[in-house]
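The lines below spell out each chain.
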Amino acid sequence: MIGLISATAAGAAARDRLAAAWPDRTRVYDGPVGDAVRAAFAECEQLVCFLATGAVVRLIAPLLGDKASDPGVVCVDEGGRFAVSLVGGHAGGANELAREVGELLGAEPVVTTATDSVGLPGLDTLGFPVEGDVAAVSRALLDGEPVALQAEVPWPLPPLPLASQGSYTVRLTDRAVEPAEREVVLRPPSLVVGVGASKGAPVEEVLGLVESALREAGLSARSVAELATVDAKADEPGIVEAAERLGVPLVTYSAAELAGVEVPHPSDAPLAAVGTPSVAEAAALVHGGELVVPKRKSEREDGRPAMATCAVVRRPGRGRLAVVGLGPGARDLLTPRARAELRRASVLVGLDQYVDQIRDLLRPGTRILESGLGAEEERARTAVAEARKGHAVALIGSGDAGVYAMASPALAEASDDIDVVGVPGVTAALAAGAILGAPLGHDHVSISLSDLHTPWEVIERRVRAAAEADIVVTFYNPRSRGRDWQLPKALAILAEHREPTTPVGVVRNASRPDETSRLTTLAGLDPTTVDMMTVVTVGNTATREIAGRMVTPRGYRWQDNRQEDAQ
């Protein structure tokens, strides 16, 4: 919960805007400011104070305890010009909160954390439990001193200037080791614990078995990603509470799924009880990995039969491929999600001219693999190959990466051995439509006129179908130096079904500094004025030019009613 505190009318106005935007995330604290800050500090994970920074510093100073547990505090000035991350920038999430508040209120986020200031991800912001001398190792990274990466468990990381050798170390491990001097230990979520239990098994027995199995194998409980079991045990109190105490999710599988997993120690007992010859080992091995602790049973001091079993599997780190749409080109049309993925990636793959658009948004150390026009399939293969090596990869494309762009070749190349995330972007058709007015107000279709990958016979059949169906058409890749006849042919097909006065919108470089647009007609369009940087939108029989804008009514009945009202 985010506590909101203000002292003046101006501050209260901005406070109420935030509260209205985030009703489920925020709580307004009224009354004397000092009392409000103290109450919010004790009850909330984060605070936004609409007060002077000096006043907030004095109010929270006596309350500060430990940066690992103190709430993050953001300070917004009375004029709403700045959102300052005051304390808890990383651990308390104040840096990210300052950016969110700034975006919502139109304020400039002020983040002074050293790593954030130079574009480096903080070691305590990578999403892993972290141990050791974070301050010293972070300072070494900032000073350009060699910091070695010891990856005992391969796992995707954002770009960090790490070397093979150095006097400081970042160790990535799931083993129960203590950090050495000048060392930070990161705990990746690489361990899955499969558990089985008899009805009524006490949580102390289940949890004690899990903890002893990890301890004797020299593994860290902080690297446990989940507890896994059979569906029939999804509500078993001892298992449910054990997962809660470990702070991990409980994942369940059907008996049929578990019965299909090959295990070293099947048993007749679980087969008779829940329909699978293995619960603990099978549940841990469902998605593959290395069985580091075979099935073991709990030991009871009273000598009675064991009521719990467990097994531990180390899953390999999966590479991650984000297919990112950059939008039509304008920086303010690049989505926040796309920005986040660009900063998360340790490897960027893209067309050279698209890389140039966002190069300044990448973190230092991001490895860039760029190529020229015509290498789409090669870029897709490269991106997937890098993800399979365990990297966090961003594959970029203009507009929406799923529309005539990189998503389809990449996903055709990828298999289920990597994680794939799609990040939508504003397509050229949508950007051009917004400039022209509302040409896509009813059913519409996008058709590429490039026959490089699609035979012209197929393209022509699709154009003819759109013409006969009276659908608004946006043409991508309408004309190039080597393809100058396809657009005239497509327009001629549409002209068989639409009046010569049908509105046509032509937009070149939508949203970019050299953007141009014009509204013409089906008969008046000169195809020689169109190139590959242009999209051409042809209206249907209901599309009209209204006040210099291209408008397609939402429905013919709606249009007819408006015309009757006008008469």
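Residues numbered from 1 in each chain as written. Predicted model: local features only at pLDDT ≥ 70, side-chain atom pairs only at ≥ 80, totals over all residues. Heavy atoms only, no water.

S.K.: Help me out: how do you make sense of the overall build of the chain in this one?
M.R.: When you go through the chain residue by residue, the secondary structure sums to 19 helices and 28 strands. The buried share of the chain, taken over its 567 residues, is 48%. Put simply, of all contacts in the chain between residues at least 6 apart along the chain, 64% involve residues at least 24 apart. Roughly 26,800 Å² of accessible area belongs to the chain as shown, and the carbon and sulfur atoms make up 50% of that amount. For the chain, the centre of its 56 positive side-chain charges and the centre of its 75 negative side-chain charges are spaced 2 Å apart. (Helix = DSSP H or I, 4+ residues; strand = E, 2+ residues; numbered from the N terminus. Buried < 20%, exposed > 50% of the residue type's maximum accessible area, 1.4 Å probe, protein only. Contact = heavy atoms within 4.5 Å. Areas by Shrake-Rupley, 256 points an atom, 1.4 Å probe, with all protein chains shown as cover. Lys, Arg positive; Asp, Glu negative; His and termini not counted. Charge placed at Lys NZ, Arg CZ, Asp CG, Glu CD.)

S.K.: Help me out: how do you make sense of the pattern of salt bridges in this one?
M.R.: Two side chains with opposite charge may pair up if their charged atoms get near one another. Tallying each qualifying case throughout the model produces 31 salt bridges. Its salt-bridge partner being Asp 356, residue Arg 359 comes within 2.7 Å of it at the nearest N-O pair. Classification of Asp 356 by relative accessible area gives partly exposed; the value is 48%. What you see here is one network of salt bridges that share partners, running through Glu 152, Arg 171, Arg 175 and Glu 183. (Salt bridge = Lys/Arg side-chain N within 4 Å of Asp/Glu carboxyl O.)

S.K.: Just checking my understanding: could you explain the sheet that holds strand S28 (residues 549-551) for this structure?
M.R.: Sheets are built from strands that pair by backbone hydrogen bonding, the pairs being arranged parallel or antiparallel. Pairing is mixed in the open sheet, where three strands are placed in the order S21-S28-S27. Looking at strand neighbours, the two that pair on one side only are strand S21 (437-438) and strand S27 (544-546), the edges of this open sheet. As judged from the two bridges shared by S21 and S28, these two strands associate in the parallel manner. Of the residues in S28, the one forming a bridge with Ala 438 is Val 551. (Pairing = 2+ DSSP bridges.)

S.K.: I would appreciate a short explanation of the sheet that holds strand S15 (residues 308-314) in the present structure.
M.R.: Taken together, five strands build an open sheet; the order of strands is S13-S12-S11-S15-S14 and the sheet is mixed. Of all strands in the sheet, those with a lone pairing partner are strand S13 (250-253) and strand S14 (290-297), marking the two edges. Along the sheet, successive strands turn relative to each other by an average axial angle of 20 degrees, direction set aside. In this sheet, S13 lies alongside strand S12 (residues 224-230) in parallel orientation, the contact comprising four bridges. Across the sheet, Ala 228 pairs through a bridge with Val 251, a residue of S13. Contacting strand S11 (191-197), S12, S14 and S15, helix H7 (residues 203-216) crosses the sheet at an angle of about 40 degrees to S15. In the packing of helix H8 (residues 237-246) onto the sheet, the strands contacted are S11, S12 and S13, and the crossing angle to S12 comes to about 175 degrees. (Axes fitted to C-alpha atoms, helices over the stretch in contact; angles between N-to-C directions.)

S.K.: What should I look at first to understand the environment of Asp 484 in this one?
M.R.: Mapped onto the elements of the fold, Asp 484 is located in the loop between strand S23 (472-476) and helix H18 (486-495). Taking the C-alpha atoms as reference, Asp 484 lies 7.9 Å from Thr 528; in sequence the two are 44 residues apart.

S.K.: Could you clarify how one ought to interpret the packing of H7 against H8 in this entry?
M.R.: When two helices pack together, their arrangement is given by the angle between the helix axes and by the axis-to-axis distance. Contact geometry for H7 and H8: axes closest at 8 Å, N-to-C directions at 50 degrees. Here H8 runs oblique to H7, going by the angle between their axes. Pair H7 / H8 crosses with right-handed handedness. Touching Val 203, Glu 204, Val 206, Leu 207 and Val 210 of H7 are Gly 238, Ile 239, Glu 241, Ala 242, Arg 245 and Leu 246, all from H8. Split into classes, the residues belonging to the contact of H7 with H8 amount to seven nonpolar, one polar and three charged. (Parallel < 35°, antiparallel > 145°, perpendicular 65-115°, else oblique. Left-handed = near helix turned anticlockwise from the far one by under 90°. Nonpolar A, V, L, I, M, F, W, Y, C, P; charged D, E, K, R; others polar.)

S.K.: What am I meant to see in the nonpolar core here?
M.R.: Taken as a class, soluble globular proteins show a tendency for nonpolar side chains to be buried jointly. Membership of the largest hydrophobic core comes to 24 residues, with the highest contact counts inside it found for Val 193, Val 195, Leu 214, Val 224, Leu 227, Cys 310 and Val 312. At the level of secondary structure, the elements contributing two or more residues to this core comprise S11, H7, S12, H8 and S15. When residues in this core are grouped by element, the largest group, seven residues, is from H7. Excluding its chain neighbours within four sequence positions, the residues that come into contact with Leu 227 are Val 193, Val 195, Ile 239, Ala 242, Ala 243, Leu 246, Val 248, Pro 249, Leu 250 and Val 251. By size, the runner-up hydrophobic cluster in this structure holds 21 residues, among which are Trp 456, Ile 459, Phe 475 and Leu 491. (Core = buried A, V, L, I, M, F, W, Y, C linked by side-chain atoms within 4.5 Å.)

S.K.: Whenever I open this one, helix H16 (residues 428-436) confuses me. Can you help?
M.R.: For an α-helix, 3.6 residues make a turn, and residues three or four places apart therefore share a direction. Taken residue by residue, H16 has Ala 429, Ala 431, Ala 432, Gly 433 and Leu 436 as its buried positions. Directly after H16, the chain includes Gly 437, whose backbone phi takes a positive value near 140 degrees.

S.K.: Can you walk me through the packing of aromatic side chains in this structure?
M.R.: Each aromatic ring pair is summarised here by two numbers: the centre-to-centre distance and the angle between the ring planes. On inspection of all chains with the given rule, the structure shows two aromatic pairs. Considering the side-chain rings of Trp 456 and Trp 485, the 5.0 Å spacing of their centres and the 70 degrees angle between planes classify their relative orientation as edge-to-face. In this pair, Trp 456 is assigned in helix H17 (residues 456-468) and Trp 485 in the loop between S23 and H18, connecting sequence segments 29 residues apart. Above the face of the Trp 22 ring, Arg 25 is positioned so that its terminal group lies 4.3 Å from the ring centre. (Phe/Tyr/Trp six-rings, centres within 6.5 Å; stacked < 30°, edge-to-face > 60°. Lys NZ or Arg CZ within 6 Å of the ring centre and 35° of its normal.)

S.K.: Explanation requested: the pairing of S23 in the structure shown.
M.R.: Along any regular strand, the residues point their side chains to alternate faces of the sheet. The buried fraction of S23 amounts to five of the five residues, a majority that puts the element mostly inside the structure. Burial along S23 is two-sided: Val 472, Thr 474 and Tyr 476 facing one way and Val 473 and Phe 475 facing the other are all buried. Relative to S23, strand S22 (residues 444-448) is paired through five bridges, and the arrangement is parallel. In the strand pairing of S23, Ser 446 is matched with Thr 474.

S.K.: Would you explain H18 in this entry?
M.R.: Buried within H18 are the following residues: Gln 486, Leu 487, Ala 490, Leu 491, Ile 493 and Leu 494. Relative to the axis of H18, the buried residues are bounded by an arc of 155 degrees and lie together on one face. (Arc of directions from axis to C-beta.)

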